[in-house]
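Results of the structural survey
Read off the chains here:
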Amino acid sequence: IVNTTSGCLSVADFQGSMTQARNAGAFLQNNSWGVISQGAYRGFDADADAATWLLEDLLVAVAAGNDGPVGGSIGTPGVAKNVLTVGALGNGNSTAVASFSSRGPTDDGRIKPDLMAPGTSTYSAAGNSNDGPEIQPGVSSVKSGTSMASPTALGGAALMRQYFVEGYYPRGERDPSGTDALSPSAALMKAVLLNGTAIIGPWPSAGAGWGRIHLDGSLYFAGHSRRFRLFERAHADGLRSGESHQYSLPIAGGEEIRVTLVWMDPEADPGAAINLVNDLDLIVDGPSGQLLGNWLINSYSQPGGSADRVNTVEQIRLPATAAGGLYNLTVHAHRVPGNARQDSDRQGYALVVSGRIGLPDGA
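Residues numbered from 1 in each chain as written. Predicted model: local features only at pLDDT ≥ 70, side-chain atom pairs only at ≥ 80, totals over all residues. Heavy atoms only, no water.

**Points about the overall build of the chain**
Each helix and strand in the chain was counted, giving 5 helices and 16 strands. For the chain, whose C-alpha radius of gyration is 20 Å, the value lies close to the compact-globule estimate of 21 Å for 363 residues. Taken along the three principal axes of its C-alpha coordinates, the chain extends 60 × 45 × 40 Å. Taking all 363 residues of the chain together, the buried fraction comes to 51%. Counting only contacts in the chain whose residues sit at least 6 apart along the sequence, the fraction spanning at least 24 positions is 75%. Element-wise, carbon and sulfur atoms account for 51% of the exposed surface of the chain, whose accessible area totals about 14,800 Å². Averaging the coordinates of the 24 positive side-chain charges in the chain and doing the same for the 33 negative ones gives two points 4 Å apart. (Helix = DSSP H or I, 4+ residues; strand = E, 2+ residues; numbered from the N terminus. Rg over C-alpha atoms; globule rule 2.2 N^0.38 Å. Buried < 20%, exposed > 50% of the residue type's maximum accessible area, 1.4 Å probe, protein only. Contact = heavy atoms within 4.5 Å. Areas by Shrake-Rupley, 256 points an atom, 1.4 Å probe, with all protein chains shown as cover. Lys, Arg positive; Asp, Glu negative; His and termini not counted. Charge placed at Lys NZ, Arg CZ, Asp CG, Glu CD.)

In structure tokens, the structure reads:
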């Protein structure tokens, strides 16, 4: 990815590098690099979306960029729809957005960054300075940037992937028999991460996206009162235009309720005014009425409103005081035309629900 003669960034085949890594067994990839694009959808963004639509189990994280606090300053490939775009907070437990962290929205109005992580005054292992095989133990100190936040978030995603692969879902403890082992899709990993974020200020926002990474809020372990359920469809079993999938869950009151829908969208044409290709809708019918994904007032879902027509992430959030009862969840394909790619007119997705949910059958 770096020209060894000039030392400068020289990305000849971004999609090929992601494919090569995935074929070698890397299900997660971090990209702490980028190019200033001021929120515009460019070739690297299309490359990322193409690779992650084709390779459904590859989660790609990208540093948001260090061109804040100006709005609309997300760089490419962080503008891509399917990647996990990560912005930077202060050090440690800080919830303050770093002044340098690039802000959204993208040119077509999408929410970016997706996730926030510490990225200020960071200590990490130092690499070799001579490109040789010798081990040079050392520490790289007090570095700041979204380049530090992005691998921190992806490290959390790696732990989360281990949770699924080792069979912790749905019982909250490891299944040594391997019966519950699950190889999660990228859409599922992204949905679980965003479903459990720690809220920062007005939610979501152009500065902090969907909030701070918080694995304890995303995953269930035995003894917790808060559980989550997931529903996942590969593209081959996904929705065509006009179709819907429906799910029903009994959810008790007393805990915040969150529902998150994520899908990996086919790539758009670089420079397109609207980057969304396949448009899905999240609809929840419950005791408080019908709720639409991303229709939020004061950071909580309210009845009414209109459907989101630009984002590939849709959330519904209800406070702990929300009434318990039966919640009916619908994923509706408003429009799934696809692009030039074969079978792209059928869209897979991941749906995650968290709250005081009853146990799945057999658990």
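**Some points on the side chain of R22**
Note that R22 resides in helix α1 (residues 14-23). Not counting residues within four places of it along the chain, the set of residues in contact with R22 comprises F27, L55, D57 and L58.

**A few points about helix α4 (residues 186-195)**
With respect to burial, α4 is a largely interior element, 10 of its 10 residues being buried. Turning to α4, its buried residues are A186, A187, L188, M189, K190, A191, V192, L193, L194 and N195.

**Some details on the pattern of salt bridges**
Taken as a whole and judged by the stated rule, the model has 14 salt bridges. D279 serves as the salt-bridge partner of R309, at 3.0 Å between the closest nitrogen and oxygen. Here the residue R309 occupies a position in the loop between β13 (300-301) and β14 (313-318), and D279 occupies one in strand β10 (residues 279-286), the gap between them amounting to 30 residues. Overall, the relative accessible area of 32% leaves R309 in the partly exposed class. For D279, a relative accessible area of 6% corresponds to the buried category. Shared partners join several salt bridges into a network, and the residues in it are K112, D114 and K190. (Salt bridge = Lys/Arg side-chain N within 4 Å of Asp/Glu carboxyl O.)

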